[in-house]
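Observations on the model geometry
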Amino acid sequence: MKINKLNWLLPIILVIFLLGLVVNPVQLLNHNVPPIESLTVEQTILNENNITLKIRAAGSQPMEISQVQVDGAYWQFSQQPEGNIKRLAMVTLDIPYPWVNGETHHLKFITNTGLTFDHTIDVAVATPKWSFSTLLIYTWIGLYVGLVPVVLGMLSYPYLNTLGKSGLGFILSLTIGLLGFLLVDTFQEGLELGNKMASAFQAQGLVWFGSAIAFLTLLTISRRKGKPPEGKALSAYLATGIGLHNFGEGLAVGTAFALGN
């Protein structure tokens, strides 16, 4: 069957046209659309008598922070770099404030247009600094999270063999239920964290996209021979899944440290 060149050329032209609409739709609507201001606090660092914040602007145009309130009082602050914050750019705010360990502190940022943005430090704790002792602590956390559960499971294997088919089925059903709960809880936490990120990054969509890619990757590996894995192949498949799970936990621990949480 002979294919006309227009049959494949027209879809390409249409895709390019639609991409142009997505990249800059404002030009098609109105040049007089009012600017949208948005601020997102991405990192909080608490040092002695000082609060440092990493703030990103996610609005449609550059914006400027004119005033800062801490616990209802206006407070001095310094910004690096100074001046307007460009779209998706990040600045550092240093606020010399005597925060109280274990207390909650409420901050409010006021822009030059009068808009306000709130940020709450739920529990004020000094941000850990990098040191050899800190490295040992996080190494222990990594071993505890990634290695100890696996070892406990292997040590329990001889006991599981004594339960019989019905007992083993109950244990597996209980495990599947726990994994289902963790799946729902993980998605909920991920979407909540994504909602706190700058809206321009579409972090909630990335949660779904990353999860779908991980699932499809594991599914492709397991079905690469056209049928479900068995024997050693099944063991390798499960080990891959556990490895990815532990890798994700390690990223969560490292990210919490980097964000001062």
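What comes next concerns the included structure.

Remarks on the pairing of strand β6 (residues 90-95)
Looking at chain direction, strand β2 (residues 50-57) and β6 are connected through 6 bridges and run antiparallel. Of the residues in β6, the one forming a bridge with I51 is I95.

Some points on the packing of aromatic side chains
Overall, the coordinates contain 3 aromatic pairs when judged by the stated rule. Ring plane angle 75° and centroid distance 4.9 Å describe the contact between W75 and Y97, whose orientation is recorded as edge-to-face. A residue pair is termed long-range when its members are at least 10 positions apart, and W75 in strand β4 (residues 73-75) and Y97 in the loop between β6 and β7 (105-111) qualify at 22 residues. For Y97, a relative accessible area of 11% gives the class buried. Ring plane angle 45° and centroid distance 5.9 Å describe the contact between W140 and Y144, whose orientation is recorded as tilted. Here W140 pairs with Y144, and both are found in helix α3 (residues 132-146), just 4 residues apart, close to one helical turn. Taking the relative accessible area as the measure of exposure, W140 reaches 52% and is therefore exposed.

Side note on the sheet that holds strand β5 (residues 78-80)
Read from one edge to the other, the open sheet built from 4 strands follows the order β1-β2-β6-β5, with strand pairing classed as antiparallel. Here the strands that pair on one side only, and so sit at the sheet edges, are β1 (39-47) and β5. Adjacent strand axes in the sheet meet at a mean angle of 20° when their direction is disregarded. Pairing analysis gives 3 bridges linking β5 to β6, with the strands arranged antiparallel.

Quick look at the packing of helix α6 (residues 164-196) against helix α7 (residues 203-222)
α7 packs onto α6 with a crossing angle of 145° between their chain directions and a minimal axis gap of 7 Å. Of α7, the residues touching α6 (which contributes F187, G190, L191, G194 and N195) are A203, Q204, V207, W208 and S211. When grouped by side-chain class, the residues that make up the contact of α6 with α7 number 5 nonpolar, 5 polar and no charged.

Looking at the nonpolar core
L39, I51, L53, I55, I65, I95 and F109 are the most contacted members of the largest nonpolar core, which totals 21 residues. Those elements that provide at least two residues to this core are β1, β2, β3 (65-70), β6, β7 and β8 (116-121). Looking at this core, the element that brings in the most residues is β2, giving 4 residues. Those residues in contact with I51 that sit more than four places away from it in its chain are I45, L46, L93, D94, I95, Y97, W99 and I121.

Topic: the sheet that holds β8
Judged by pairing direction, the sheet is antiparallel, and its 4 strands sit side by side in the order β4-β3-β7-β8 without closing on themselves. Edge positions in the sheet fall to β4 and β8, since each has one partner strand and no second. Within this sheet the neighbouring strands show an average axis-to-axis angle of 30°, counted without direction. Pairing geometry for β3 and β4, over 3 bridges, is antiparallel. The residue of β4 that forms the bridge with V68 is W75.

Things to note about a nonpolar patch on the surface
Together, W140, L143, Y144, L147, V148, V151, L152 and L155 give the surface a local cluster of nonpolar side chains, amounting to about 810 Å² of exposed area. Mapped by element, the contributors of at least two residues to the nonpolar patch are α3 and α4 (148-155). Within the secondary structure, L152 is located in helix α4.

Here we look at the pattern of salt bridges
Following the criterion strictly, the structure yields 1 salt bridge and no others. As a salt-bridge pair, R56 and E42 come within 2.7 Å of each other at their nearest N and O atoms. Taken together, the residues R56 in strand β2 and E42 in strand β1 connect sequence positions 14 residues apart. Grouping residues by exposure puts R56 and E42 together as buried.

So, the side chain of T127
The topology assignment puts T127 in the loop between β8 and α3. Assessed through its relative accessible area of 14%, T127 is described here as buried. In this structure the side chain of T127 is engaged in a polar contact, spanning 2.8 Å, whose partner is the backbone nitrogen of L46.

Quick notes on the rules
Residues numbered from 1 in each chain as written. Predicted model: local features only at pLDDT ≥ 70, side-chain atom pairs only at ≥ 80, totals over all residues. Heavy atoms only, no water. Pairing = 2+ DSSP bridges. Helix = DSSP H or I, 4+ residues; strand = E, 2+ residues; numbered from the N terminus. Phe/Tyr/Trp six-rings, centres within 6.5 Å; stacked < 30°, edge-to-face > 60°. Buried < 20%, exposed > 50% of the residue type's maximum accessible area, 1.4 Å probe, protein only. Axes fitted to C-alpha atoms, helices over the stretch in contact; angles between N-to-C directions. Contact = heavy atoms within 4.5 Å. Nonpolar A, V, L, I, M, F, W, Y, C, P; charged D, E, K, R; others polar. Core = buried A, V, L, I, M, F, W, Y, C linked by side-chain atoms within 4.5 Å. Patch = residues over 30% accessible without salt bridge, like charges linked within 9 Å, V, L, I, M, F, W, Y side chains within 5 Å. Areas by Shrake-Rupley, 256 points an atom, 1.4 Å probe, with all protein chains shown as cover. Salt bridge = Lys/Arg side-chain N within 4 Å of Asp/Glu carboxyl O. Polar contact = N/O pair within 3.5 Å; in protein donor to acceptor, adjacent residues only side chain to side chain.

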